[in-house]
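# Chain and residue survey
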Amino acid sequence: MFKKILVANRGEIACRVFRTAKRMGIKTVAVYSDADARAPHVLMADEAVRLGPAPAAESYLKAELILLAAKETGADCIHPGYGFLSERESFARACAEAGIAFVGPPPNAIAAMGDKIESKKLAKQAGVNVVPGYLGEIADTDEAVRIAGEIGYPVMMKASAGGGGKGMRLAWSEQDVREGFEATKREGLASFGDDRVFIEKFIESPRHIEIQVLGDQHGNIVYLNERECSVQRRHQKVVEEAPSPFVTPKMRAAMGEQAVALARAVGYYSAGTVELIVSGADTTGESFYFLEMNTRLQVEHPVTEEITGLDLVEQMIRVAAGEPLAFGQSDVGIDGWSIENRVYAEDPYRGFLPSIGRLVRYNPPRHGEGDRPAQPGGGGGFPHGTTYAEPPLHHPSDGPPPRHGEDLPRTRVDDGVAEGGEVSMFYDPMIAKLITWAPTREAAIDAQVAALDAFEIEGPGTNIDFLSALMQHPRFREGRLTTGFIAEEYPDGFHGAPASSGLLRELAAIAAFAATAHADRARRIDGQLGHRLHPPADWVVRIGDADHVVHVSPDAITVDGTPLDIGVEYTPGDRLIEAELADERVLSVRIAPTRAGFRLTTRGASHVARVLPAHVAPYAAHLLEKVPPDLSRFLIAPMPGLLVRLDVAAGDAVEAGQPLAVVEAMKMENILRAEKAGRVKSVAAAAGDSLAVDQVILEME
């Protein structure tokens, strides 16, 4: 077995590998850029080596610096994580030439599967279903338009070396191809160093399902069931679950056997994922097609760990060390259901634009009854109380993976951030992965909602409200998923999850109770004139356009004349309230004071509650409402980023929907369009400028 492992990565995945390595008794080495000098993965490792400046091209993508760090520290193996160098054939070969084990597949397999065009040809030869399309190299936009027309719209344009949702664009018409082909080439070149693009037929009503494969260096290959990854936004996965609510045992076997056949055809070993696009309209399950093979550990691997009991990182390390798999296909079962939500630094209320900045507060949900205890090297020794629970520990020599043997839901948080740290513009905006396990899908979803309610993040905007809304959405709970789910259900953007009348009454009660606590504290302040008045018992709480009359007494709370069976504990200054309800539900509500009440956040939405004593509330009708200024004539940067291109100049006439500028953030290009027709009055920024959020780019007449 290896003595020391270097993780050629950062953040969550580096911490994830370190936890398993420490449990296995393997020393750890971290590498870091200047932006990550005090990052959790650096503090967690036994040793750390600086690579260079913050940009990945000058640090994490410098293979020679990583190999030098491994030699200087005596590391005998390197785990690449995901992203960066994880799927670079040249890096795997360089490790072998340096005499350092690469914890991943052989270089020839990476090369075969890393090129999406060639991989589809190989898949077809191996008997795997492939999507109709054009797999040759496309010279220019005109040729792309011709090919797209021959295939038939809609089509998908993809960077050949792409991944992680980058370098992909859907085209419904010739105009879409003309607008998006060059942008796809640029994204491919910027993110992967390869500007080749291929085009294939877009399967309508598609589901994205992937098969986890695991092989050793002795010819043994198994598939570890499937993951449903259909809930995506801009082709970036948001929610993953295992197993899939759509896949039957017959489908699972057919998909798994084709995935194993493909892996065997390229001499694959280690962990890998075969991604499939499946027609949701075909209930026979026979309409599934090969998309690509990811020759690395996937972001969503925890859900597979949760239902199989296997530690995939440990399996990768043991395979790299030459050990055979200690179990066969018949030993792989499915225990319960697991769901993973990716918590991103993005603002769903502003079109999901990237949101960077310092984590002023970071407090993941704590483990409660039914959670697995954190393993050594997990939450106990991690900065700022980050929570983590390992999958059930399983050594290959123990035989088949064990069942959990319990029915209580569990929560797991995989992260690589800490309170006070910064979400940098240089890297992926994912903050954490929230994973739940339960015996049933419904229970796993409910556990997600409860955990998201208790997840505290302040500083950058996050998608926590949006994730909670997804978990509560009737269509999601029914399992009727496609890759267009988010676009179809939120065509006008996200504005918060709808709240039931019962939830609003509960929030009114909580707001009134909190106001009573504040009033009681205020009356106890010494040095006041007159007698110490008792806090008001009657309040009027306005949430949205509705007023709720709330009476608070030592024994009961009444809302709109009806008693509410609710137990609340609150001390001024608390940020989280856990209210106990009559049906044994626990409602977690994040609370923050506002000018005349509180902001209450729970169940996928924030609600501003104006709380006034009952005898004061009638006078509020006489207060003037502040009207926000009209900013419609300005083109404003919706996020911090780089102004890549400015398409207009002062004096130009523009039409509604016309592209005005392109802003790059988090390696993604965002086209800013005119909201209405008009003429450009002045331009306040130039191509190449770094923009702050809400910075004016140009003004219309």
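Here's what I pulled together on the structure shown here. Model, not experiment: these values are computed from the prediction. (Residues numbered from 1 in each chain as written. Predicted model: local features only at pLDDT ≥ 70, side-chain atom pairs only at ≥ 80, totals over all residues. Heavy atoms only, no water.)

## Thoughts on the overall build of the chain
Broken down by element type, the chain carries 16 helices and 40 strands. Taken against the 2.2 N^0.38 rule, which gives 27 Å for 701 residues, the C-alpha radius of gyration of the chain at 27 Å falls within 12% of a compact globule. With the C-alpha coordinates of the chain rotated into their principal frame, the extents come out at 85 × 70 × 55 Å. Counting the 701 residues in the chain, one finds 55% classified as buried. A separation of at least 24 residues holds for 66% of the contacts in the chain among residues at least 6 apart in sequence. The distance from the centre of the 72 positive side-chain charges to the centre of the 98 negative ones in the chain is 2 Å. (Helix = DSSP H or I, 4+ residues; strand = E, 2+ residues; numbered from the N terminus. Rg over C-alpha atoms; globule rule 2.2 N^0.38 Å. Buried < 20%, exposed > 50% of the residue type's maximum accessible area, 1.4 Å probe, protein only. Contact = heavy atoms within 4.5 Å. Lys, Arg positive; Asp, Glu negative; His and termini not counted. Charge placed at Lys NZ, Arg CZ, Asp CG, Glu CD.)

## Overview of the sheet that holds strand 2 (residues 27-33)
Read across the sheet, five strands follow the order 3-2-1-4-5 without closing on themselves; strand pairing throughout is parallel. In this open sheet, the two strands that pair with only one neighbour each are strand 3 (47-52) and strand 5 (101-102). Strand direction decides the pairing type here: strand 4 (residues 77-79) and strand 5, joined by two bridges, are parallel. Counted as the bridge partner of I78 is F102 from strand 5. (Pairing = 2+ DSSP bridges.)

## Looking at helix 12 (residues 441-453)
Here helix 12 spans 19 Å end to end across 13 residues, near enough to the 18 Å set by a 1.5 Å rise per residue. Those residues of helix 12 not exposed but buried are R441, A444, I445, A447, Q448, V449, A451, L452 and D453. (Expected span 1.5 Å × (residues − 1).)

## Points about the sheet that holds strand 26 (residues 557-559)
Here nine strands make up an open sheet; going across it, the order is 27-26-25-24-32-31-30-29-28 and the pairing antiparallel. Each having just a single partner strand, strand 27 (562-564) and strand 28 (566-567) make up the two edges of the open sheet. Looking at chain direction, strand 30 (residues 586-594) and strand 31 (residues 597-602) are connected through five bridges and run antiparallel. Along strand 31, the bridge assignment pairs T594 with G597.

## A few points about the nonpolar core
Counting residues in hydrophobic clusters, the biggest one holds 37 residues, and the most contacted among them are V231, Y362, I431, L470 and M471. Of all the secondary structure elements, the ones that give two or more residues to this core are strand 12 (236-242), strand 15 (337-344), strand 22 (430-438), helix 12, helix 13 (464-472) and helix 15 (485-489). When sequence neighbours within four positions are dropped, the list of residues in contact with M471 reads V239, I339, N341, I445, Q448, V449, L452, F476 and R477. The next biggest cluster of nonpolar side chains, apart from the first, holds 36 residues, and it includes M44, Y82, V103 and M430. (Core = buried A, V, L, I, M, F, W, Y, C linked by side-chain atoms within 4.5 Å.)

## Overview of the side chain of T601
Here T601 is to be found in strand 31. For T601, a relative accessible area of 8% corresponds to the buried category. When sequence neighbours within four positions are dropped, the list of residues in contact with T601 reads D465, S588, V589, R590 and S606.

## Topic: the pattern of salt bridges
Inspection of every chain in the model, using the stated rule, returns 58 salt bridges. Residue E210 is joined to R227 by a salt bridge in which the shortest nitrogen-to-oxygen separation is 2.7 Å. One end of the pair, E210, is in strand 10 (residues 206-215); the other, R227, is in strand 11 (residues 221-233), with 17 residues separating them in the sequence. For the pair E210 and R227, one class covers both residues: buried. Close ionic contact of R524 with D520 constitutes a salt bridge, the shortest N to O distance being 3.0 Å. What makes D520 partly exposed here is its relative accessible area of 22%. Several salt bridges share partner residues, and in doing so they unite R16, R23, E305, E306, D311, E314, R318, E323, R412 and D414 into one network. (Salt bridge = Lys/Arg side-chain N within 4 Å of Asp/Glu carboxyl O.)

## Comments concerning the packing of helix 3 (residues 63-73) against helix 4 (residues 89-97)
Where helix 3 contacts helix 4, the axes come no closer than 11 Å and their chain directions differ by 30°. It follows from the interaxial angle that helix 3 and helix 4 lie roughly parallel. Crossing hand, helix 3 versus helix 4: right-handed. Counted together, A63, I66 and L67 of helix 3 and F91, A94 and C95 of helix 4 form the full contact between these two elements. Its residues assigned to classes, the contact of helix 3 with helix 4 comprises six nonpolar, no polar and no charged. (Axes fitted to C-alpha atoms, helices over the stretch in contact; angles between N-to-C directions. Parallel < 35°, antiparallel > 145°, perpendicular 65-115°, else oblique. Left-handed = near helix turned anticlockwise from the far one by under 90°. Nonpolar A, V, L, I, M, F, W, Y, C, P; charged D, E, K, R; others polar.)

Fair warning: the whole summary comes from geometry, so function is off the table for now.
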